[in-house]
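Descriptive analysis of the structure
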Amino acid sequence: GKFITKILSFLLLVPVYFYRWFISPITPASCRHVPTCSKYAITAIKTHGPFRGVIMSTERILSAAREGRMVMTRSRDLFLDATGHFLSDVILFATG
């Protein structure tokens, strides 16, 4: 139920927050996406739950690892409501 979903979400968010607070500040800025992959992961897990959130986050990280040029990230899937309708049609640009 909802309790298990909240626990799983929490357990998945702990390493992401650890990365944002402790690892990211000591490494050179290299993220070419807006929002960053870690922020995207946090939002995806909180918005879509642990299962879909992890899939979305993994796709985003793999996409970022492949791209080394100017990229356009279409973040529409991050802004779906519970029925699958778009809350926003957002296109975010970032340099590579």
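See the structure shown above.
Definitions and cut-offs
- Residues numbered from 1 in each chain as written.
- Predicted model: local features only at pLDDT ≥ 70, side-chain atom pairs only at ≥ 80, totals over all residues.
- Heavy atoms only, no water.
- Helix = DSSP H or I, 4+ residues; strand = E, 2+ residues; numbered from the N terminus.
- Expected span 1.5 Å × (residues − 1).
- Bend = angle between axes of the 7 residues up to and from the residue.
- Axes fitted to C-alpha atoms, helices over the stretch in contact; angles between N-to-C directions.
- Parallel < 35°, antiparallel > 145°, perpendicular 65-115°, else oblique.
- Left-handed = near helix turned anticlockwise from the far one by under 90°.
- Contact = heavy atoms within 4.5 Å.
- Nonpolar A, V, L, I, M, F, W, Y, C, P; charged D, E, K, R; others polar.

**Regarding helix α2 (residues 37–66)**
An ideal rise of 1.5 Å per residue puts 44 Å on 30 residues; α2 reaches only 13 Å between its terminal C-alpha atoms. Considering bend angle alone, the principal kink of α2 is centred on glycine 49 and spans about 140°; proline proline 50 follows within four residues of it.

**Considering the packing of helix α1 (residues 2–23) against α2**
Packing of α1 against α2 leaves a shortest axis separation of 9 Å and a crossing angle of 160°. Relative to α2, α1 is oriented roughly antiparallel. Judged by the twist between their axes, the crossing of α1 over α2 is right-handed. Between α1, through Thr5, Leu8, Ser9, Leu12, Leu13, Val16, Tyr17, Tyr19 and Arg20, and α2, the contact on the second element is made entirely by Ser38, Lys39, Ala41, Ile42, Ile45, Lys46, Gly49, Pro50, Phe51 and Val54. A per-class count over the contact of α1 with α2 returns 12 nonpolar, 4 polar and 3 charged.

**A short note on the environment of threonine 36**
Relative to the helices and strands, threonine 36 is located in the loop between α1 and α2. Residues threonine 36 and arginine 60, spaced 24 residues apart in sequence, show a C-alpha to C-alpha distance of 9.5 Å. Discounting chain neighbours no more than four positions away, the residues touching threonine 36 are Arg20, Cys31 and Arg60.

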